[in-house]
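What the coordinates show
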Amino acid sequence: MRAALSEIDIGEGLKVASQMLADIGARTSDGVGITRTAYGEGEQLAHDMVAALARDLGLEPLTDAALNLYITMPGSSRTKAPIFVGSHLDSVPRGGNYDGLAGVAAGMACLVAFHAAGVSLERDLTLLAIRAEENYWFSAQHVGSRAALGTLSASALATATRADTGRPLAEHMREAGCDVDALGNGRALIQRTAIACFLECHIEQGPVLIDREIPIGIVTAIRGNRRCKEARCVGAYGHSGAEPRALRRDAVFAAAELVGRVEEFWIARESEGEDLVVTFGKFTTDASAHGLTVIPGEVVFTIDVRSHSTDTLDRTWAFIQETCVHIAERRNVAFRFEGQTQEAPVAMDAELRRALLDVCAETGVPAFEMASGGGHDAGDFAAAGIPAAMIFVRNANGSHNPDEAMDFADFATVVRVLARTIQHIDGRMA
């Protein structure tokens, strides 16, 4: 049976998703927020609960060597590439319940809704619950999706250590039941060419949709970044009452000038319509050496530059380096940059974005096109050459904290758009 888009009732799917969100949230509460440790107890519990729910629905849950969970509703043509939908189930410590889990619940809601309505898609629909997306646990983000796609490095397995234990990623994966030997050879666990597309729903991690009073966002691209995990401005300590301004080598004033100059650059780029966000963090002096009467001789800080434009990233980073040279010469200080990393921007698939926007227009759902500031599993699928798209659901109070506040009415809107989009692209993709 192929039902018209307007005939699908998602009510049963929403009922199951609501209970799923509540049950997993309650079972993985740490008393303050939510903790679903990557390759640990909380994440495993969530995966077990999703798998049990799939079996209750008459579907067979399967796992790969990295313990990513696959739940498939068969289509009428098993030869066509399946549509994948999903997100991750781990969380940061004392985080919120919706980051990651909402995307898995949305996919489950679609499976249930199609099943309840007796709808058979032409191609398989696979819900993917992904492992270890959060960078916090191992400083190796998107472990599950990269393992599945064959892009998880052997060095990450051996050298990435979990924040709470100090033990390597490979050890924790093996203890959880992963086939670590199969992961070390770099072979993909899923056939990239055999996936029609990957759709990910996720709470927005910032205030843009709240500010614009719009329930959902359609992601244009996942911002790339240029980062320095340990930047330093080194001057010289001195007596605060004895040294005149011209003779000082004050690290705080030098670093503060850098921040101000970069903000001016940022404002100029924004005025020209460029996508850019810049953050200076961990901005500290050594409390054991600095004090009320001591000129600070060193400042340690981090820099995080993000944009969906590689050119903007490169120009911003070049400006920072050039500005440091000029400030260093005038103020007689030195800037040092250690631990530099970078990730390229990843664009979401234009046809999938158009399909999402068309469904929003058809159903009268206000939607806003926006870049994603954080990295997501969808970016790894897109980087691997698999068409990918993301839907953001409005969320108050940010993410990675216990106060995530997704309104269930907004979640229902996202599920409705997702279900109709799946139908829209089923049979239309190659």
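Here the structure is shown first, and the text comes after it.
So, here is what we can say about the structure in this document. (Residues numbered from 1 in each chain as written. Predicted model: local features only at pLDDT ≥ 70, side-chain atom pairs only at ≥ 80, totals over all residues. Heavy atoms only, no water.)

With respect to topology, four strands assemble into an open sheet ordered E9-E11-E7-E12, the strand pairing being antiparallel. The open sheet is flanked by strand E9 (277–284) and strand E12 (334–343), the only strands paired with a single partner. If you compare each strand with its neighbour and ignore which way they point, the axes differ by 15° on average. Sheet analysis places strand E7 (residues 224–234) next to strand E11 (residues 298–307), joined by nine bridges and oriented antiparallel. Across the sheet, the residue bridging to Ala231 is Phe301, located in E11. Running at roughly 155° to E11, helix H11 (residues 310–331) makes contact with E7, E9, E11 and E12 of the sheet. (Pairing = 2+ DSSP bridges. Helix = DSSP H or I, 4+ residues; strand = E, 2+ residues; numbered from the N terminus. Axes fitted to C-alpha atoms, helices over the stretch in contact; angles between N-to-C directions. Contact = heavy atoms within 4.5 Å.)

Moving on, we come to the pairing of strand E3 (residues 83–88). Most of E3 is tucked away, with six of its six residues classed as buried. Sheet topology note: the E3/strand E4 (residues 125–130) ladder contains six bridges and is parallel. Counterpart to His88 in the pairing with E4 is Ile130. In this fold, the crossover linking E3 to E4 by way of helix H3 (residues 101–117) has right-handed handedness. (Buried < 20%, exposed > 50% of the residue type's maximum accessible area, 1.4 Å probe, protein only. Right-handed = clockwise from strand over helix to strand, strands pointing away.)

Of all hydrophobic cores here, the largest spans 64 residues; its most connected members are Phe114 and Leu199. Top contributing element to this core by residue count: H3, with 12 residues. When neighbours within four sequence positions are excluded, Leu199 is seen to be in contact with Ile83, Phe84, Val85, Gly86, Leu352, Ala389, Leu418, Ile422 and Ile425. (Core = buried A, V, L, I, M, F, W, Y, C linked by side-chain atoms within 4.5 Å.)

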